[in-house]
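In case you want the letters, here they are:
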Protein chains: 2
Amino acid sequence: MSDIGKLPIGVFDSGVGGLTVVRALMERLPLENIIYFGDTARVPYGVKSVATIEHFTGQITDHLLNQGVKMLIIACNTMAAVASGVVRQKAGAVPVLDVIEAGAGAAVVESRTRAIGVIATPTTINSNAYARRMHALDPQVRVYSQACPLFVPLVEEGWLEHEVTRLTAQEYLKPVLAENVDTLVLGCTHYPLIKPLLQAVVGSSVRLVDSAITVAEQAARTLNELGIANPGDTLSTYRYTVTDIPLRFQTIGERFLGRSLGIVEKLDW
Amino acid sequence: MSDIGKLPIGVFDSGVGGLTVVRALMERLPLENIIYFGDTARVPYGVKSVATIEHFTGQITDHLLNQGVKMLIIACNTMAAVASGVVRQKAGAVPVLDVIEAGAGAAVVESRTRAIGVIATPTTINSNAYARRMHALDPQVRVYSQACPLFVPLVEEGWLEHEVTRLTAQEYLKPVLAENVDTLVLGCTHYPLIKPLLQAVVGSSVRLVDSAITVAEQAARTLNELGIANPGDTLSTYRYTVTDIPLRFQTIGERFLGRSLGIVEKLDW
């Protein structure tokens, strides 16, 4: 089975946000090869209908499976929330991880008071996927959800410590904090970039769960359990495929990844 | 030629923003039939590459020409900025108006000091389309441009008079106001919804040019000149086609249109 180990992990997102997951994977699993797919021509998914998201997600899954991957990671909360069934059906024996499963699991483990907040895009929140997953793990947990549609554009504008972002966070988080949550799930891959600001707004008594880090932990466990970790006798390779290369893509992408992006390939569908 | 008069005007945008143009047309030309096309499955265009925008714009133009329209109005600044050539080439004898031509023309007429500001999405600003159009009309004019990527999400969040929006506007407009402009072009169809807030930020000495209103004026003149205005012996009909019906579409759409949307048809491409 050592040949499977050398195959890349396929990570995908609607845009650049999933690069925070790639970054966490690079740090946790430095020997693994990674293919990243960002559907930048059709981003953002968070405002689209379920049928459209399922259709687009299926296309991306087929593309990555055709590349030959040993694991798929849905690094987009919107896709994980409404279309993970499509991915798992297509993937067959290839293991599929997603940021919601990882984030929900970590939150239930971390919370002491069993009062947990979730912030995400409107589609993720309306899907109720985090609350459902957490209730399946612990029926006693109380979940307070808040859609934060302005966080993605604020992060992409680079206003990571800006007064406008702080005011916006205070407004969005007020009702969640009023419920005395002790754990807050960052249910969107853009949000880790404003983690320091969010931590300041919620205060030090609230733990932030970063799905990028938790899904990388879960990937490490799964690769070991299945015996398909990369033995790592060669340098890891990272490939990035996007459906469009918009203005400022390089800048924003590198901010998410925390390092140079290298060569980005554009796929025309 | 009276049969042509009864044909609808085709108005299109990447999403819901162009409904501000439909609203202005309904008020200025109440006898005209209108077909609106919003590419809501692929919105926003403002962050996509030129090649992608041209491709999408061509598809929409073909679709509306196949419906039989007597005039096309590009109600999306991004498409007008980078893809109006594609539309005019496909349209042949059908007149094509666009929000940039209308807004640039009105600004040059209105400005006394010949110092004009333009605010728009990053793609529109980077295309330099407003400045080029204004310089063609008056080589003496000085144009100061500012990309405002957060205004669209702020408008769609409904924060039309919110402190966060005011702070954001102050930050974006500071460099433009420092140039002592006497006219500011709202170079995005979302911006008319925050016109009162923007007017308060720029002060009463700066005139705001609303492209939705100016393109409706231009449509009225063109229809009369070509003798293809609708004689109006029946009630006007309005049709709305979108490529996706996302969450909150009805709410946001009606906020833009200023009235009930009625039946919205979804087109699967």
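These numbers were taken from a predicted model, which means no experiment stands behind them.

### Observations concerning the overall build of chain A
Next up, step 1: If you tally the helices and strands in chain A, you get 12 helices and 10 strands.
Next up, step 2: A compact globule built from 269 residues would reach a C-alpha radius of gyration of about 18 Å, and chain A, at 18 Å, matches this within 12%.
Next up, step 3: Seen through its principal axes, chain A has C-alpha atoms that stretch 50 × 40 × 35 Å.
Next up, step 4: Expressed as a percentage of the 269 residues in chain A, the buried residues total 52%.
Next up, step 5: Intrachain contacts of chain A at a sequence separation of at least 6 include 80% that bridge at least 24 residues.

### What about the packing of helix H2 (residues 19-28) of chain B against helix H11 (residues 211-226) of chain B?
Between two packed helices, both the angle of their axes relative to each other and the distance between the axes serve to describe the pair.
Residue and element names in this part refer to chain B.
Next up, step 1: Look at H2 against H11: their axes get within 8 Å of each other, and the N-to-C directions meet at 45°. Judged by the inter-axis angle, H2 sits oblique to H11. With respect to the hand of their crossing, H2 and H11 are arranged in right-handed fashion. Residues Thr-20, Val-21, Arg-23, Ala-24, Leu-25 and Arg-28 of H2 form the contact with H11, whose participating residues are Ala-212, Ile-213, Val-215, Ala-216, Glu-217, Ala-219 and Ala-220.
Next up, step 2: Of the residues that constitute the contact of H2 with H11, the class distribution is 9 nonpolar, 1 polar and 3 charged.

### Some details on the sheet that holds strand S9 (residues 238-242) of chain A
All names here are of chain A.
Next up, step 1: Taken in spatial order, the 6 strands make up an open sheet running S4-S3-S1-S2-S9-S10, and their pairing is parallel. The two strands at the open ends of the sheet, each matched to only one other strand, are strand S4 (96-98) and strand S10 (264-266). Put simply, the sheet's adjacent strands are angled 20° from each other on average, direction ignored.
Next up, step 2: Across 3 bridges, the pairing between S9 and S10 is parallel. Its bridge partner lying in S10, Thr-241 is registered against Glu-265.
Next up, step 3: Contacting strand S3 (71-74) and S4, helix H5 (residues 99-110) crosses the sheet at an angle of about 60° to S4.

### Observations regarding unusual backbone geometry
Residues and elements named next belong to chain A.
Next up, step 1: In this structure, Asn-128 takes a positive phi of about 65° despite not being glycine.
Next up, step 2: Taking the number of C-beta atoms within 10 Å as the measure of exposure, Asn-128 has 14 and is therefore partly exposed.
Next up, step 3: Non-glycine residue Asn-180 carries a positive phi angle of around 55°.

### Examining the interface of chain B and chain A
How big an interface is tends to be expressed through the accessible area that disappears when the partners come together.
Next up, step 1: Each partner contributes to the interface: chain B provides 22 residues, whereas chain A provides 22 residues.
Next up, step 2: Sorting the residues of the side of chain B that touches chain A by element identifies helix H6 (122-127), helix H8 (151-157) and helix H9 (163-177) of chain B as the ones contributing at least two each.
Next up, step 3: Of the residues forming the side of chain B that touches chain A, the biggest block, 4 residues, is contributed by H9(B).
Next up, step 4: Residue composition of the side of chain B that touches chain A, grouped by class: 12 nonpolar, 5 polar and 5 charged.

### Quick word on the relation of the copies chain B and chain A
These two copies of the chain differ by a rotation about an axis and a displacement along the same axis.
Next up, step 1: For the match of chain B to chain A, the screw axis carries a shift of 0.0 Å, the RMSD comes to 0.0 Å, and the turn is 180°. Such values leave the two copies arranged in the relation of a two-fold axis.
Next up, step 2: Residue by residue, 100% of the interface of chain B is reproduced at the interface of chain A, so both copies engage with the same surface.

### Some points on the domain arrangement of chain A
Residue and element names in this part refer to chain A.
Next up, step 1: Domain annotation of chain A identifies domain 1 (2-98 + 213-266) and domain 2 (100-211).
Next up, step 2: Its C-alpha centre places domain 1 at a distance of 22 Å from the equivalent point of domain 2.
Next up, step 3: When residues in the side of domain 1 that touches domain 2 are grouped by element, the largest group, 5 residues, is from helix H4 (residues 77-91).
Next up, step 4: Residue classes in the side of domain 1 that touches domain 2 are distributed as 13 nonpolar, 8 polar and 3 charged.

### Looking at the environment of Val202(B)
All names here are of chain B.
Next up, step 1: Examined against the element boundaries, Val-202 turns out to sit in helix H10 (residues 195-202).
Next up, step 2: Each C-alpha atom, one on Val-202 and one on Val-176, is 9.5 Å from the other, the two residues being 26 residues apart in sequence.
Next up, step 3: Those residues within four positions of Val-202 in sequence are excluded, and the remaining contacts are Leu-173, Leu-177 and Leu-184.

What counts and what doesn't
Residues numbered from 1 in each chain as written. Chains lettered and ligands numbered in written order. Predicted model: local features only at pLDDT ≥ 70, side-chain atom pairs only at ≥ 80, totals over all residues. Helix = DSSP H or I, 4+ residues; strand = E, 2+ residues; numbered from the N terminus. Rg over C-alpha atoms; globule rule 2.2 N^0.38 Å. Buried ≥ 20, exposed ≤ 12 C-beta atoms within 10 Å, placed from the backbone. Contact = placed C-beta atoms within 7 Å. Axes fitted to C-alpha atoms, helices over the stretch in contact; angles between N-to-C directions. Parallel < 35°, antiparallel > 145°, perpendicular 65-115°, else oblique. Left-handed = near helix turned anticlockwise from the far one by under 90°. Nonpolar A, V, L, I, M, F, W, Y, C, P; charged D, E, K, R; others polar. Pairing = 2+ DSSP bridges. Least-squares fit on C-alpha atoms with pLDDT ≥ 70 in both. Domains from an automatic or database assignment.

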